[in-house]
Amino acid sequence: MENKNSKTPEEILVDKKINRRNFISFGTFFLLGGAGFTAWKWLYNSPVEPEGGITSGTRIPLRKALNQTELAFRNFFSPHHLVKTYPKSMAAKKVRQNSDIGLTDTSFKPENWKLALEKDAKTFLHLTIEDIKALPKTEIVFDFKCVEGWDQIQYWGGVSFNDLIKHYGLEEYTRHKYVGMDTPDKNYYVGLDMESATHPQTLLAYEMNGLPIPINHGAPLRLIIPVKYGIKNIKRIGTISFSNDRPRDYWAEEGYDYYAGL
Amino acid sequence: MKEIKEKHALLMRWTHWINFPILTIMIWSGLLIYWANDEYTLTLFGHTFFRFFPDWFYKWLKVPSHLAEGLSFHFLFMWFFTLNGIFYIGYTLITGDWKEMVPQRKSFKEAFLVVLHDLHIIKIAPPQNKYNAAQRIAYTSIIVMGAGSVLTGLAIYKPVQFSWLVWIFGGYHFARIIHFVLTLGYVLFFIIHIVQVMLAGWNNFRSVVSGFEVVYIDPKPEKEVLDNNEKAPMPELSSSMVSREKEGASPKQIKETRISEIDPSENLEYDHKISGKEALDTLDFKDEKVEESDHSGNNKEKNDANPLKLDGENLPRA
């Protein structure tokens, strides 16, 4: 073992090198660590979007990131990407119902209901449930997915959105960018990009498990849109609107991503 | 004499340290998301042993009712996590460093010995280059896991647009389970990693910040080894019988020093020279092997058959 007091010049040099490199690397380490921590604190404490906007409820930088991320992933969307379908035997008998927002109006009577189609807040078409049932019927058994993370195979029946458009010659309206749907009491509302709304599997559903939809599942007509999370599958549709600006969306106002596409 | 031995490249260190906070954020935000449907349990034969996670756990971390927040953070930091992983893996592949990291055929047997050594059950650890066998398995597994999280994440994020990916993982439901289990894996890895880092000491920890370790090499016998390097069947091994004296280590501690392969030639870097079979052979303490390879300046005395005799007085020197 060498006597520490009598180091050779080489040893002193190596020591110096070690110390210098230690200093530089650890100095950088702590500096960048501090910078990273500061950046995190800035993000964590950044202001939440104010209410009143189409989107709100999450921090502004995060909303920007959500929007950009969705623009990136929209490139992978295709109407040819279909959700997997299952035999009716696999459909759940007890269909899960998560919320009743928009369904609390006890004076609502399905028999008196009419669907209103709107543009620029003006109704241009009213349809009864009989009108809708007269259209070609489409059924789907697919794996419904909630943003919460649960999924359930469900069996729905109704008219495909595209068939309704086609029958009433509403193609000009589908040249807009967005479709909005509201409940009659205006308490729940969703905004859909036109691509997703006109996806072949998007359904205006009036049957669940082969029977008319019960009140708690959105009688008489609800949206089943398999390419979106459950939050977009509005129950008890009152109005359908067309616009080039993003319509109001309930959960987008609560901090969730607007696009919410699968 | 002290020497600087390069161990971890700059990019390896960058990606390592960047990953730490990013993975932490991913796990935290992932927990906020998981809470919204926290259905996983450890259930055997109908009995639930553990629920992921108990209420107190959620309350302690202020998790409940932050799904939107969790999603927001998760979908931002996922980009950085993925990019960082790509840089790390890409670099490892391009530089050939992967050879130091990927488990070898002998690694699974050796890893068991490494664990025994770590637990102080056996005195000698198998020879290693940059990483021991257990590390090879761990550090390669963590890469596979990272890729698994990215892919299962993508599958449960866009199951319609990437339905083929969902299929590979056995369906949406199961992909989510895999995603969750991998996360538990990271937490487990982290705990063991921290313990190991603490046990390995300052010199090792420093190397993942500064890039180098300090090693002690006796300069005099170096020349002899270099002369005989070409002739020696296992030159690396004899040169590896260098006392890796930990700073301030007592002779007793040196006994348990891992026989690391330290190449005392020009540039001290971990390279992929040691061959497995040869390395293991030396552990058999066969007389013939010792004499063949004994190019160490071992005072010319034949210390029995044991090349690995490491006691205070008779430290093998290269």
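Note that this is a predicted model, so its numbers are computed, not measured.

Some remarks on the overall build of chain B
Thought 1: Helix and strand counts for chain B come out as 14 helices and 4 strands.
Thought 2: Residues counted as buried form 28% of the 318 residues belonging to chain B.

Remarks on the domain arrangement of chain A
Thought 1: With domains assigned, chain A is organised as domain 1 (1-45) and domain 2 (60-243).
Thought 2: Computed from C-alpha atoms alone, the centre-to-centre distance between domain 1 of chain A and domain 2 of chain A is 60 Å.

Comments concerning the interface of chain A and chain B
Thought 1: Each side of the interface is counted separately: chain A has 36 residues, and chain B has 31 residues.
Thought 2: Elements represented by at least two residues in the side of chain A that touches chain B include exactly α1 (9-44), α2 (60-74) and β3 (138-145) of chain A.
Thought 3: Here the side of chain A that touches chain B takes 11 residues from α1 of chain A, the largest share from any one element.
Thought 4: Of the residues assigned to the side of chain A that touches chain B, the class counts are 15 nonpolar, 9 polar and 12 charged.

Considerations on the sheet that holds strand β10 (residues 239-243) of chain A
Residues and elements named next belong to chain A.
Thought 1: Pairing is mixed in the open sheet, where 5 strands are placed in the order β2-β1-β10-β5-β6. At either end of the open sheet lies a strand with only one pairing partner, and these are β2 (122-127) and β6 (189-193). Averaged over all adjacent pairs, the angle separating strand axes in this sheet is 20 degrees, with direction ignored.
Thought 2: Summarising the sheet, strand β1 (residues 115-119) and β10 pair through 4 bridges and their orientation is parallel. When the bridges of β10 are listed, Leu-117 appears paired with Ile-240.

So, the packing of helix α1 (residues 10-35) of chain B against helix α8 (residues 172-200) of chain B
All names here are of chain B.
Thought 1: Look at α1 against α8: their axes get within 11 Å of each other, and the N-to-C directions meet at 135 degrees. Overall, the two elements α1 and α8 adopt an arrangement that is oblique. Pair α1 / α8 crosses with left-handed handedness. Along its contact with α1, which presents Leu-23, Ile-27, Gly-30 and Tyr-34, the element α8 presents Phe-180, Thr-183 and Tyr-186.
Thought 2: Of the residues that constitute the contact of α1 with α8, the class distribution is 5 nonpolar, 2 polar and no charged.

Let's talk about the pairing of β6 of chain A
Residues and elements named next belong to chain A.
Thought 1: The buried count for β6 comes to 5 of 5 residues, which makes it a mostly enclosed element.
Thought 2: Side-chain alternation along β6 places Tyr-189, Gly-191 and Asp-193 on one buried face and Val-190 and Leu-192 on a second face that is also buried.
Thought 3: In the sheet, strand β5 (residues 178-182) pairs with β6 via 5 bridges, with the strands oriented antiparallel. Within β6, the residue paired with Val-179 across the bridge is Leu-192.

A look at the packing of helix α5 (residues 107-118) of chain B against helix α6 (residues 133-157) of chain B
Residues and elements named next belong to chain B.
Thought 1: It is at 7 Å that the axes of α5 and α6 come closest, and there the two elements cross at 115 degrees. Between α5 and α6, the crossing angle belongs to the class labelled roughly perpendicular. On α6, the residues that touch Ser-107, Glu-110, Ala-111, Val-114 and Val-115 of α5 are Ala-133, Ala-134, Arg-136 and Ile-137.
Thought 2: Looking at the contact of α5 with α6 residue by residue, the class counts come to 6 nonpolar, 1 polar and 2 charged.

The rules behind the values
- Residues numbered from 1 in each chain as written.
- Chains lettered and ligands numbered in written order.
- Predicted model: local features only at pLDDT ≥ 70, side-chain atom pairs only at ≥ 80, totals over all residues.
- Helix = DSSP H or I, 4+ residues; strand = E, 2+ residues; numbered from the N terminus.
- Buried ≥ 20, exposed ≤ 12 C-beta atoms within 10 Å, placed from the backbone.
- Domains from an automatic or database assignment.
- Contact = placed C-beta atoms within 7 Å.
- Nonpolar A, V, L, I, M, F, W, Y, C, P; charged D, E, K, R; others polar.
- Pairing = 2+ DSSP bridges.
- Axes fitted to C-alpha atoms, helices over the stretch in contact; angles between N-to-C directions.
- Parallel < 35°, antiparallel > 145°, perpendicular 65-115°, else oblique.
- Left-handed = near helix turned anticlockwise from the far one by under 90°.

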